[in-house]
Amino acid sequence: MSTTADNTPETVESQASVDYAEILKRIPHRYPFLLIDRGEDWVKNKSMVGIKNVTFNEPFFNGHFPENPVMPGVLLIEAMGQTGAVLMSKSLDADVEGKTIFFMSVDGVKFRSPVRPGDVVRMPVEVVRHRGDIFKFRGEAYVNDKIVCEAEFAAMVVESPK
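Residues numbered from 1 in each chain as written. Predicted model: local features only at pLDDT ≥ 70, side-chain atom pairs only at ≥ 80, totals over all residues. Heavy atoms only, no water.

Engineer: Please explain the pairing of strand S7 (residues 120-131) as it appears in this structure.
Structural biologist: As a general feature of sheets, a regular strand has side chains that alternate between the two faces. As paired elements, strand S5 (residues 47-53) and S7 share seven bridges and run antiparallel to each other. By the bridge assignment for S7, Met48 is matched with Val125. Pairing of S7 with strand S8 (residues 134-143) involves eight bridges; the strand directions are antiparallel. Within S8, the position partnered with Glu126 by the bridge is Arg138. Joining the antiparallel neighbours S7 and S8 is a turn of two residues, in which Gly132 adopts a positive phi near 60°. (Pairing = 2+ DSSP bridges. Helix = DSSP H or I, 4+ residues; strand = E, 2+ residues; numbered from the N terminus.)

As structure tokens, then:
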């Protein structure tokens, strides 16, 4: 049991990691667009760290500066968004059947350094606030403890068309 800023008790439910099988269960993305390999340090309604192992055989490297391969920045934002979607899905204990989590907004994006083949990207994503099926997040991406990207973004749960 921990306490909040005003010293009221808060129950923290956490899990050391979220494996690949659970990620596949929680979000609809699949290769080549699934951009997180696992989650670490999940805390319900609070935070999770997404992990992306960047390999040279990623399909985007064929055309994104082939002589100087760099992971596209928009895919770093997408990877943080997928981390947030898994965090949301687990926190809401959402019935994923017939529902999808979509971006609503992305703000304050800053790219600090390129991500290259062989890098391991750690993406701590924190809930800034949430109400019902809408969450606002702050995410960062790091390679070797060096920040490479940061953004604030929001997402919501949407019923899939039948």
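Right, picking up where we left off after that structure.
Engineer: Any chance you could explain empty space enclosed by the protein here in plain terms?
Structural biologist: If you roll a probe as big as a water molecule over the atoms, it shows you where there is empty space left. Here the structure, examined in full by the defined rule, presents one cavity of 30 Å³ or more. In this structure, the largest cavity is lined by Arg26, Pro28, Ser89, Ala94, Asp95, Val96, Lys99, Thr100, Ile101 and Val157. For the lining of the largest cavity, the element with the most residues is strand S6 (residues 99-111), which contributes three residues. Class assignment of the residues belonging to the lining of the largest cavity gives a composition of five nonpolar, two polar and three charged. (1 Å grid on protein atoms, 1.4 Å probe; cavity = no way out; pocket = protein on both sides within 12 Å on 5 of 7 lines; lining within 4 Å. Points joined across faces, edges and corners; volume = space filled by probe spheres on them. Nonpolar A, V, L, I, M, F, W, Y, C, P; charged D, E, K, R; others polar.)

Engineer: How should I be thinking about the environment of Gly81 in this particular structure?
Structural biologist: Take Gly81: it is sitting in helix H2 (residues 73-92). Gly81 gets classed as buried once you look at its relative accessible area, which sits at 14%. Remark: the alpha-carbon pair of Gly81 and Ile36, spanning 45 residues in sequence, is separated by 9.8 Å. If sequence neighbours within four positions are ignored, Gly81 has contacts with Phe103 and Phe153. (Buried < 20%, exposed > 50% of the residue type's maximum accessible area, 1.4 Å probe, protein only. Contact = heavy atoms within 4.5 Å.)

Engineer: How do you make sense of the confidence of the model for the protein when you look at a structure like this?
Structural biologist: Mean pLDDT over the protein works out to 91, with 91% of the residues at or above the 70 mark. Here residues 1-11 is a poorly scored stretch, pLDDT under 50, and it has 12 contacts once near neighbours within four places are set aside; other chains count. (pLDDT = per-residue confidence, 0-100.)

Engineer: Where do I start with the nonpolar core in this structure?
Structural biologist: One broad trend across soluble globular proteins is that nonpolar side chains are buried collectively. If you look at the biggest cluster of nonpolar residues, it comprises 37 residues, and the most contacted ones within it are Val115, Val121 and Phe137. Sorting the residues of this core by element identifies H2, S7, S8 and strand S9 (146-159) as the ones contributing at least two each. With nine residues, the single largest contributor to this core is H2. Discounting chain neighbours no more than four positions away, the residues touching Val121 are Gly50, Ile51, Lys52, Val54, Leu76, Val115, Ala141, Tyr142 and Val143. (Core = buried A, V, L, I, M, F, W, Y, C linked by side-chain atoms within 4.5 Å.)

Engineer: For this particular structure, what's the right way to read a nonpolar patch on the surface?
Structural biologist: A surface patch of nonpolar side chains, amounting to about 320 Å² of accessible area, comprises Phe103, Val106, Val109 and Phe111. In this structure, Val109 sits in strand S6. (Patch = residues over 30% accessible without salt bridge, like charges linked within 9 Å, V, L, I, M, F, W, Y side chains within 5 Å. Areas by Shrake-Rupley, 256 points an atom, 1.4 Å probe, with all protein chains shown as cover. Salt bridge = Lys/Arg side-chain N within 4 Å of Asp/Glu carboxyl O.)

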